[in-house]
Amino acid sequence: IDAFDKDNGDPFDLNISVGYERIQKTGKITRETTNINDLHPWDYYPKYEFATFDHTQNILNLKLDVGLFRDLSFRFGLPIILSDDRSLKQKDGWQTGETALFSPTFKSPQRSGIDYISAGLYWNILDQTRKAQYPFLTVFLEGRFGVGDPLKAACASASTSDTTCTNDKAGISQNLNQLHLGLHFSRRYGIVEPYMGIDGMLGWYKNEDFTMQSGSLNHMPPLQGTFDFGMEITPWEIPAEYRKFVISFGGGATYVSEGRTYTPLFDALGTSKYFKTDENADINDSGVTGDIPEETLAADAWNGMTDVENYTVFFGKLNLSIQPAKYVKFNLGVNLGHELEHFITKTDQCPAGKVVNGECSEYNPGHRPEIDKPGTRFRAENTFVWSLLLDAVAQF
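A brief structural summary. Fair warning: this is a prediction, and the values are worked out from it, not measured in the lab. (Residues numbered from 1 in each chain as written. Predicted model: local features only at pLDDT ≥ 70, side-chain atom pairs only at ≥ 80, totals over all residues. Heavy atoms only, no water.)

## Describing the overall build of the protein chain
Helix and strand counts for the protein chain stand at 4 helices and 21 strands. Burial analysis of the protein chain (396 residues in total) assigns 45% to the buried set. By sequence separation, contacts in the protein chain at least 24 residues apart represent 72% of the contacts at least 6 residues apart. A total accessible area of about 19,700 Å² is found for the protein chain, and carbon and sulfur atoms account for 58% of it. (Helix = DSSP H or I, 4+ residues; strand = E, 2+ residues; numbered from the N terminus. Buried < 20%, exposed > 50% of the residue type's maximum accessible area, 1.4 Å probe, protein only. Contact = heavy atoms within 4.5 Å. Areas by Shrake-Rupley, 256 points an atom, 1.4 Å probe, with all protein chains shown as cover.)

Below, the structure is given as structure tokens:
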């Protein structure tokens, strides 16, 4: 969209979009073990299937695009999470003789609300409709601001013997502020328009809990970088009447760096009676030297967040768009992605630069040896993400 455009006499553009999005992530959680009978030739540590997980969100997306001047526009977004459901289902559970740290069959309370609002600038540096010899080139910078109640570990019932659960103020927001920036490029040849794009996401927590402070190795969420490509095909178009039908398909990959974040085990770990009991959080058991601060052992110092390993997500997407009249457009999209397997509990015992003579001189407050030491760590595997998107756009 644009504004005050002398080339086409268009003084002002405004788009209002209302959409529905369903996102579902499912996968398997495995755990390392010291049982040599479970060892596979390609594993450094043997592992076994612990549980499966499911995370489903239904979202109402509200967007407003306003032309500012020529090809510079402003975009405001308000995604409202109608429902957020998370659960674990036991497979093998705990091996014989292991301490049950939490229940492998677990259901979180249904959450809802607003995670963040977004606001950003979009600029079409080049526009093929203005000069045929140029392609389309768009850059954008968007801010996402966490506004909802922060996530708090909780579960739907207190029926399990090894958890202390709460339904109060489970929250919905990741408590993040983020910068999202990127570049999109395309060029149309007749009815075909190939495209590509690259973007990145940098975030930081608005408030850091104790495990992210005092020497923690990871106190930021994972960074993300995405490359995608594809093609739009316009098999039917009547330009004079502003009517057309567009088919878009493509794929790409997102790299997710190491960082401290919420995992499928967040609620189960955060409400675990084992980790909420001071006597089971004796950090000296992990071989750390020196005095341990009392606040490190406090029950409220543990919230269930963990450090995750870096990984890549590969995805494909298909979108159908129809504009039956000048002022109305409808979109239907389907995305499918696969996350490569990665550790979801791997908080290092020692912060960077805190190893002296082969020993830790300072303890990493986020480390829990029962889930973070090699031989005890959890991994997410066979993780698939799919989403369905529907929206209607009013164009003025």
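Next comes the rest of the description.
## Remarks on the nonpolar core
Judged by nonpolar contacts, the single largest core of 22 residues is most densely connected at Ile 29, Phe 50, Phe 102, Leu 265 and Phe 378. Where this core is concerned, the elements lending two or more residues are strand S4 (47-69), helix H1 (266-270), helix H2 (273-276) and strand S21 (378-395). Counting residues per element, this core draws most heavily on S4, which supplies 4 residues. The residues contacting Phe 50, other than those within four sequence positions of it, are Ile 29, Thr 30, Arg 31, Gln 90, Lys 91, Asp 92, Gly 93, Trp 94, Phe 102, Pro 104 and Phe 378. (Core = buried A, V, L, I, M, F, W, Y, C linked by side-chain atoms within 4.5 Å.)

## Remarks on the pattern of salt bridges
Taken as a whole, this structure holds 20 salt bridges when the rule is applied. Taking the shortest distance from any N to any O, the salt bridge between Glu 49 and Lys 28 comes out at 3.1 Å. Here the residue Glu 49 occupies a position in strand S4, and Lys 28 occupies one in strand S3 (residues 14-32), the gap between them amounting to 21 residues. Classification of Glu 49 as partly exposed rests on a relative accessible area of 30%. (Salt bridge = Lys/Arg side-chain N within 4 Å of Asp/Glu carboxyl O.)

## Thoughts on the pairing of strand S10 (residues 176-186)
In this structure, strand S9 (residues 136-146) lies alongside S10, joined through 10 bridges in antiparallel fashion. Counterpart to Glu 142 in the pairing with S10 is His 180. If you look at the hairpin formed by S10 and strand S11 (residues 192-205), you'll find 5 residues sitting between the two strands, and Gly 190 has a positive phi there, around 70°. (Pairing = 2+ DSSP bridges.)

## Regarding a nonpolar patch on the surface
Taken together, Ile 16, Val 18, Trp 236, Ile 322, Tyr 327, Val 328, Phe 330 and Phe 396 make up a surface patch of nonpolar side chains, about 700 Å² in accessible area. Elements that contribute at least two residues to the nonpolar patch include exactly S3 and strand S17 (328-339). Here Phe 396 shows up in the segment after S21. The exposure class assigned to Phe 396 is partly exposed, which follows from its relative accessible area of 49%. (Patch = residues over 30% accessible without salt bridge, like charges linked within 9 Å, V, L, I, M, F, W, Y side chains within 5 Å.)

## Here we look at unusual backbone geometry
A negative phi angle characterises most non-glycine residues, just as the trans form characterises most peptide bonds. Phi is positive for Arg 70, which is not a glycine, with a value near 50°. In this fold, Arg 70 is placed in the loop between S4 and strand S5 (72-90). Of the residues examined, Arg 70 reaches a relative accessible area of 25% and is grouped as partly exposed. Even without glycine at this site, Asn 382 takes up a positive phi of about 50°. Positionally, Asn 382 belongs in strand S21. Classification of Asn 382 as partly exposed rests on a relative accessible area of 44%.

## Some words on the side chain of Asp 199
Of note, Asp 199 is situated in strand S11. Among buried charged residues, Asp 199 stands out as having no salt bridge; its nearest opposite-charge side chain is Arg 144, 7.7 Å away. Among the polar contacts listed, one links the side chain of Asp 199 to the side chain of His 180, at a separation of 3.2 Å. For Asp 199, the residues in contact, after removing those within four places along its chain, are Phe 140, His 180, Leu 181, Gly 182, Gln 224, Gly 225 and Thr 226. (Lys, Arg positive; Asp, Glu negative; His and termini not counted. Polar contact = N/O pair within 3.5 Å; in protein donor to acceptor, adjacent residues only side chain to side chain.)

## What to know about the environment of Asn 310
Tracing the backbone shows Asn 310 in the loop between strand S15 (306-308) and strand S16 (311-325). In this structure Asn 310 comes out as partly exposed when scored by relative accessible area, which is 35%. When the C-alpha positions of Asn 310 and Leu 223 are compared, they lie 9.3 Å apart, and in sequence the two are 87 residues distant. Setting aside its immediate chain neighbours within four residues, Asn 310 contacts Tyr 255, Val 256, Ser 257, Glu 258 and His 342.

## Thoughts on the packing of aromatic side chains
Pairs of aromatic rings are described using the distance from one ring centre to the other and the angle between the two planes. All chains considered together, the criterion is met by 11 aromatic pairs. Note on Phe 227 and Phe 229: the rings are 6.0 Å apart at their centroids and 35° apart in plane angle, and the pair reads as tilted. Among the aromatic residues, those joined into a cluster by ring pairs are Phe 50, Trp 94, Phe 102 and Phe 378. Positioned above the aromatic ring of Tyr 122, the side-chain terminus of Arg 75 is 4.2 Å from the ring centre. The ring of Phe 343 has Arg 377 lying over it, and the distance from NZ or CZ to the ring centre is 4.1 Å. (Phe/Tyr/Trp six-rings, centres within 6.5 Å; stacked < 30°, edge-to-face > 60°. Lys NZ or Arg CZ within 6 Å of the ring centre and 35° of its normal.)

## So, the environment of Cys 350
By the secondary structure assignment, Cys 350 is in the loop between strand S18 (342-343) and strand S19 (355-356). The exposure class assigned to Cys 350 is buried, which follows from its relative accessible area of 15%. If we skip the residues at most four places from it in the chain, Cys 350 touches Val 355, Cys 360, Glu 362 and Asn 364.

## Quick look at the pairing of S11
Pairing of S10 with S11 involves 11 bridges; the strand directions are antiparallel. Following the sheet pairing, His 180 is matched in S11 by Met 201. Direction of pairing for S11 relative to strand S12 (residues 224-238): antiparallel, over a ladder of 10 bridges. Counterpart to Gly 200 in the pairing with S12 is Gly 225.

Purely geometric stuff here, so don't read any function into it on its own.
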